[in-house]
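# Results of the structural survey
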Amino acid sequence: ERAEQIESEQGRTVGRKEMRELRDRVAEELLPRAFTRSSRTYAYLDTHNQLLVIDAASDKKAESLLTLLRKSLGSLPLQPLATQSAPTTIMTQWLKGEIVSGDFTPLDECELRDSEDEGAVIRCRRLALESGDIDHHLEAGMIAQKLAVEWRERLRCVLDANLRISRLRFNDVVTEELDAIDSRDAAALFDAQFVLMALELRQLIPALLDAFGGEAEHRT
């Protein structure tokens, strides 16, 4: 295309040497864009609870979205959620049965870590958490870093030491209303699912903060 443009504008034929130079120049210009990848990260503002909720599998991905928002808006004062009690402490107490939450019920998955740095890690899945094996590890001083829970029989998720919520799954009592949506209308189905998720998280997150002793400090 560059060669044709030169021939059209200057009325001459582009020679072999010039063609090689054009090829090298075009390759140099296009190479930085040759391996670019696009991705989509969903997020929403919960104005009721003053939260920005990001659907991201890693801190790096979430921070990339925050960087873009700050660049677009000029500023975006935020701070991560923090609780009065360490999530690991509460989740360990749930496993030991020392405290019982009517909202959160431990399920059959957890990750235990030795309290010492670089200590042992044990991951349990599809195992009755009230079994003697789990009790033995807890008595040895291991603490819960991750725990699968059910919340009010409405949804299931995995909580971790940094207050991340992962592998969110809604129970039938919540998803039944989606059956009325025409699944062939992808946009309508997406909107309905997103609204459903946001409304459930609007209740889940405050309940989770309460279970962990409330927020560590007032957010402005």
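The notes below deal with the structure included here. Per chain, residues are indexed from 1 in the order of the written sequence. Under the rules for a predicted model, residues below a pLDDT of 70 receive no local features and side-chain atom pairs below 80 are neither given nor counted, while totals for whole chains, interfaces and linings still include all residues. The side-chain figures draw on all heavy atoms in the structure; neither hydrogens nor water molecules are used.

## Observations concerning unusual backbone geometry
The condition that has to hold: Under the DSSP-based scheme used, a helix requires at least four consecutive residues in state H or I and a strand at least two consecutive residues in state E, with every element numbered from the N terminus.
Even without being a glycine, R152 presents a positive backbone phi close to 50°. By the secondary structure assignment, R152 is in the loop between β5 (143-151) and β6 (155-160). One non-glycine residue, E153, adopts positive backbone phi at about 60°. Here E153 is to be found in the loop between β5 and β6.

## Looking at the packing of helix α1 (residues 2-10) against helix α2 (residues 16-34)
Quick note on the threshold: In this analysis an axis means a line fitted to C-alpha atoms, helices contributing only their contacting stretch, and an angle means the value between N-to-C directions, from 0 to 180 degrees. Each angle receives one of four descriptions, namely roughly parallel if under 35 degrees, roughly antiparallel if over 145, roughly perpendicular if within 65 to 115, and oblique otherwise. We call two residues in contact when some of their heavy atoms are within 4.5 Å.
Axis separation between α1 and α2 bottoms out at 10 Å; the angle between their running directions is 130°. Taken as axis vectors, α1 and α2 run oblique relative to one another. In this structure, α1 uses R2, A3 and I6 to contact α2, whose residues at the interface are E18, M19, L22, V26 and E29.

## Comments concerning a positive patch on the surface
In plain terms, the rule: Patch criteria: residues need more than 30% relative accessible area and no salt bridge. Like-charged residues are merged within 9 Å; nonpolar side chains of Val, Leu, Ile, Met, Phe, Trp and Tyr are merged within 5 Å. To be clear on the numbers: accessible area is Shrake-Rupley with a 1.4 Å probe, and residue cover counts the displayed protein chains and nothing else. Put simply, a salt bridge is a Lys or Arg side-chain nitrogen that is within 4 Å of an Asp or Glu carboxyl oxygen. Under the convention used here, Asp and Glu are negative, Lys and Arg are positive, and both His and the chain ends fall outside the count. Charged groups are reduced to one reference atom each: NZ for lysine, CZ for arginine, CG for aspartic acid, CD for glutamic acid.
On the surface, a cluster of positive charge is contributed by R16, K17, R20 and R23. Locating K17 in the fold gives a position in helix α2.

## Topic: helix α7 (residues 186-211)
Formally: Helix span, as expected, comes to 1.5 Å for every residue beyond the first. Here the bend at each residue means the angle between axes fitted to two seven-residue stretches, the one ending at that residue and the one beginning there. Exposed residues in this analysis have more than 50% of their type's maximum accessible area, buried residues have under 20%, and partly exposed residues fall in between, with area computed by a 1.4 Å probe over protein chains only.
Taking 1.5 Å of rise per residue, 26 residues should cover 38 Å, and α7 covers 37 Å from first to last C-alpha, within 8% of that figure. At L201, α7 shows its maximal kink, close to 25°. Among all positions of α7, only A192, L196, A198, E200, L201, L204, I205, A207, L208 and L209 are buried. Of the residues flanking the end of α7, it is G213, one or two places downstream, whose phi is positive at about 90°.

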